[in-house]
Amino acid sequence: MKDIIKNSLKAIKIRLEIYRMGRSKIYYDTFVSSKLAAIDAKAKRPYRYDIINFLAKQINAQNYLEIGVRNPADNFNLINCVNKFSVDPGVEFELNPVDFQMTSDDFFQKLNEDALKIKSSIKFDVIFIDGLHLAEQVEKDIFNAMQFLSEEGFIVLHDCNPPTEFHARENFEFNFTPAGGAWNGTTWKAFVKARKMYHSCCIDTDWGVGIVSKKERPLLNILGSNENNFFEYNDFSLKRQEQLNLISFDIFTKSFQS
Ligand SMILES: C[S@@+](CC[C@H](N)C(=O)[O-])C[C@H]1O[C@@H](n2cnc3c(N)ncnc32)[C@H](O)[C@@H]1O
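Cut-offs used in this document
- Residues numbered from 1 in each chain as written.
- Predicted model: local features only at pLDDT ≥ 70, side-chain atom pairs only at ≥ 80, totals over all residues.
- Heavy atoms only, no water.
- Salt bridge = Lys/Arg side-chain N within 4 Å of Asp/Glu carboxyl O.
- Helix = DSSP H or I, 4+ residues; strand = E, 2+ residues; numbered from the N terminus.
- Buried < 20%, exposed > 50% of the residue type's maximum accessible area, 1.4 Å probe, protein only.
- Phe/Tyr/Trp six-rings, centres within 6.5 Å; stacked < 30°, edge-to-face > 60°.
- Lys NZ or Arg CZ within 6 Å of the ring centre and 35° of its normal.
- Polar contact = N/O pair within 3.5 Å; in protein donor to acceptor, adjacent residues only side chain to side chain.
- Near = heavy atom within 4 Å.
- Areas by Shrake-Rupley, 256 points an atom, 1.4 Å probe, with all protein chains shown as cover.
- Nonpolar A, V, L, I, M, F, W, Y, C, P; charged D, E, K, R; others polar.

Trainee: Got a sec to walk through the pattern of salt bridges? Specific residues and values, please.
Mentor: Taken as a whole and assessed by the stated rule, the structure comprises eleven salt bridges. When the shortest N-O distance is used, the salt bridge between lysine 117 and aspartate 99 registers 3.7 Å. Residue lysine 117 is located in the loop between α4 (104-112) and β3 (124-129), and its partner aspartate 99 is located in the loop between β2 (83-87) and α4; the two are separated by 18 residues in the primary sequence. Aspartate 99 gets classed as partly exposed once you look at its relative accessible area, which sits at 31%.

Trainee: Describe the packing of aromatic side chains, and please don't skip the residues or the numbers.
Mentor: Following the criterion strictly, the structure yields 15 aromatic pairs and no others. Ring geometry for phenylalanine 54 against phenylalanine 252: centres 6.2 Å apart, planes inclined by 65°, an arrangement best described as edge-to-face. Of the two residues, phenylalanine 54 is situated in helix α3 (residues 48-58) and phenylalanine 252 in helix α9 (residues 249-254); the sequence distance between them amounts to 198 residues. Aromatic ring contacts, followed pair by pair, group Phe54, Phe249, Phe252 and Phe256 into a single cluster. Residue placement shows lysine 84 over the ring face of phenylalanine 76; its charged tip is 4.9 Å from the ring centre.

Trainee: Describe the side chain of threonine 164, naming the residues involved and giving the relevant values.
Mentor: Locating threonine 164 in the fold gives a position in the loop between β4 (149-157) and α6 (187-194). The exposure class assigned to threonine 164 is buried, which follows from its relative accessible area of 5%. A distance of 2.7 Å separates a polar atom in the side chain of threonine 164 from a polar atom in the side chain of histidine 167.

Trainee: So what's going on with the site of the ligand? Residues and values would help.
Mentor: The ligand sits among 18 residues. The nearest are Arg48, Gly68, Asp88, Ser104 and Asp130. In the environment of the ligand, a nitrogen atom lies 2.7 Å from a nitrogen or oxygen atom belonging to the backbone of glycine 68. The separation between an oxygen atom of the ligand and a polar main-chain atom of arginine 70 is 3.2 Å. Protein burial of the ligand: of its 600 Å² of free accessible surface, 93% is covered by the chains. Residue composition of the shell around the ligand, by class: six nonpolar, five polar and seven charged.

Shown next, in the form of structure tokens:
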């Protein structure tokens, strides 16, 4: 009952927003369906850190790397792993209490050159990519992360399943859309492209938590190379189940039990 009242109030709020804007019916329908899709996406559980902790536990992870941290209380501090390393240039969180205050590109270049306090021979068991959410950058992050991933390891990517094209906009600053300030960027494009090469899936929660594995594993598959070559959002949206290999966390965890 409480939920019904809560959802009805939300729906009224959305409609009031539209009336105030005085837009056409097409705009109205798009706005309402996008807002509702966003409410659904936001309500999904578990969170990214539950998934990362599950993966870390399965492979007895020793080294965890997080690219893009913002406030560590939201994710980094909640990860259970022996050694944890963090990278962030400090764009969104002034305090920026990370190990490496730099961009992911600088981090990987310096790591390659042995110019950091950790050695270039290091292998990470889980690497969480959650930095700049633009496809070109995410593609570079995936490529670089692969060079430092242990054989059993996983790359995890946040924001792979934008609920609407407005969440998947390129420009973070433009928030006069049904997505408001919520932004998944174009990470999905880099993930779908990576899926043409790597065993992978996306857990259907917390805006889409992509998982890439170096080795073959149950449920993780490789996407056919001719799928959505031009990375069109509409094509992705209609076939996201297949293009992301979208699965529930429940089904994913069961695949580790056998
Ligand atoms: C979405 S937030 C990270 C959220 C965090 N991982 C979490 O789960 O709560 C994105 C972060 O990426 C950082 N960032 C932006 N550009 C980056 C880059 N080129 N390399 C690494 N991090 C970057 C921003 O400073 C910001 O703190």
